[in-house]
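Examination of the molecular architecture
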Amino acid sequence: MIWLVDYTHYEKEIDKELLECKRDYFRIKSYKRYNIIGKTAPVKTKVYSTGLLRIATLLSRSGIEVRYLHYYMLEELLEQGATPPEVVAFSCVCPTVPMCAELAERIKSLSPGTKVLLGGVHVNVAEEETRLRYPIFDRLIVGYELEAAEKIAGRRLNNQGEGYVDYSLLPYHISDYAINTFTNMGCPFSCKYCVDGLAPHFTASENGQLDRLKQLLPSRNLVHFFDSVLGYSKEGIARVCRAIESCNHDLILSCDMRADILTPELVRALYKAGFREIRLGMESSNEELLSGNGRTLSFSTFRGQLELIRESSDMYVTLYTITGLPGTTPTIQQATLEECDRLFSLGLVDEIKNALYVPYPMKNVNYAERGIQITSTDWRGYDRQSYPVYRTPEMSEDELWRMYIDTARTINNSWLKSIGYSRFTDVPEIPDYYSEYVEAKYMKK
Ligand code: SF4
């Protein structure tokens, strides 16, 4: 028996000012999405790790008994005095490594013979540092899919390749979860602030298993494809769109995309395949800042691509921006916020997300050379909504934090104005959409 523990998603109590911004944000988001996309199956708060479920499937198909647990289920089992099996393998993200280590200590004290393993994207990009800091783990699992499954099993497995992911291994029914899927892993670009470019490329499935998912999910359920670039390339997007379209589904799809890869034909193909939302990384409007951070997509090209998307479809367009990239100053940020305001008022975008830059530990990355001075080594704070863990020559941690909160508020205000309201409380509330989600995700009990 192997316990596979998903610690890739967790609730987090956030700063009160930020929480207020989130509430306003989701109020507009619900309203706007409802008006553009229409009624969908309600937003879910439970999330699972697609990578861990794929590993669970491979192990199970090879005859190994596995149990997929969310971290709180493991905590409950340990509290009840359950005996851990011979192997417990965690899937983590950077901020949950310390919590996995604490659970590993508890497991070892209850069952010294149990092997405790740790894997996930963080381990793949920061193996050595993780090993040095947390020697409690018997093994760090580097690699994905079959490679990772074999390391967890401690033996070779029969790769039965093409089969479906076994959603019945999840502790809850698949329809209770927010659905994230992917067709390809890895990114052909290598922006310096992102780990996706370091991940190996492989094709998981051309339709993201949508043919199976459509049998399990209610009509108009939201499904997000989180490939860094859907299908990995121009040709890949076209192929994936054809594969998804032929599933003949009635789900509402969204995807992450690199804007400069799109052509009018590809935008139309996405729409035809069922994509109603597209999410694009803009990051900043400052060209120097973008190129200094290894971004090969300029803002001027990006903006042109937004027009192309609007001319070719009526997809809901979401942008990602980052506050605090190395080299940012208040003047640069102000200019980005003015561009955001303009994009909203021109109707070129429907939503703008903002996140705080995090200097995630990565092998062979010297942050000092990039002008980043790390001020906290506590990985618990290495997420995009915590107080900054670094400072730059231009800005202190406090200044970066203030800039982050002000950015969230300014984007909300621009968004509010663009939908014709002057107060957040005037925006009609759409029941069942995001209020429960905000409470569950950001207000730790
Ligand atoms: S294009 Fe996007 S996913 Fe790819 S490396 Fe850059 S930021 Fe990361």
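Report follows, based on the coordinates. (Residues numbered from 1 in each chain as written. Predicted model: local features only at pLDDT ≥ 70, side-chain atom pairs only at ≥ 80, totals over all residues.)

1. Considerations on the overall build of the chain
Scanning the chain for helices and strands turns up 15 helices and 15 strands. Taking 445 residues into account, the globule formula puts the C-alpha radius of gyration at 22 Å, and the chain, at 22 Å, falls close to it. Considered along the principal axes of its C-alpha atoms, the chain spans approximately 60 × 50 × 40 Å. By the burial criterion, 40% of the 445 residues in the chain qualify as buried. For the chain, the proportion of contacts with a sequence separation of at least 24, taken over those separated by at least 6, is 78%. (Helix = DSSP H or I, 4+ residues; strand = E, 2+ residues; numbered from the N terminus. Rg over C-alpha atoms; globule rule 2.2 N^0.38 Å. Buried ≥ 20, exposed ≤ 12 C-beta atoms within 10 Å, placed from the backbone. Contact = placed C-beta atoms within 7 Å.)

2. Remarks on the pairing of strand E10 (residues 252-257)
Looking down a regular strand, the side chains alternate between one sheet face and the other. In terms of residue burial, E10 counts as a mostly covered element, since 6 of its 6 residues are buried. Side chains of E10 alternate between two faces, with Ile252, Ser254 and Asp256 and Leu253, Cys255 and Met257 buried alike. Across 4 bridges, the pairing between strand E9 (residues 222-225) and E10 is parallel. Counted as the bridge partner of Val223 is Leu253 from E10. Crossover handedness for the path E9 to helix H9 (residues 234-245) to E10: right-handed. Here E10 pairs with strand E11 (residues 275-283) via 5 bridges, running parallel. From the neighbouring strand, Leu253 faces E11, where its bridge partner is Phe275. (Pairing = 2+ DSSP bridges. Right-handed = clockwise from strand over helix to strand, strands pointing away.)

3. Here's the deal with the nonpolar core
Counting 114 residues, the largest nonpolar core has Leu4, Val5, Ala89 and Ile152 as its most contacted members. Top element by residues in this core is helix H14 (residues 397-418). It accounts for 7 residues. Of the residues that make up this core, three or more belong to each of domain 1 (2-48 + 163-442) and domain 2 (50-153). Residues contacting Val5, with those up to four places away along its chain left out, are Leu69, Tyr71, Leu74, Val88, Ala89 and Phe90. (Core = buried A, V, L, I, M, F, W, Y, C linked by C-beta atoms within 7 Å. Domains from an automatic or database assignment.)

4. Focus: the site of the ligand
In the vicinity of the ligand, the residues found are Cys187, Phe189, Ser190, Cys191, Cys194, Asp196, Gly197, Ser228, Arg258 and Gly281. The class makeup of the residues in the shell around the ligand is 4 nonpolar, 4 polar and 2 charged. (Near = placed C-beta within 6 Å. Nonpolar A, V, L, I, M, F, W, Y, C, P; charged D, E, K, R; others polar.)

From the geometry alone we can't say anything about function, so treat these as descriptive.
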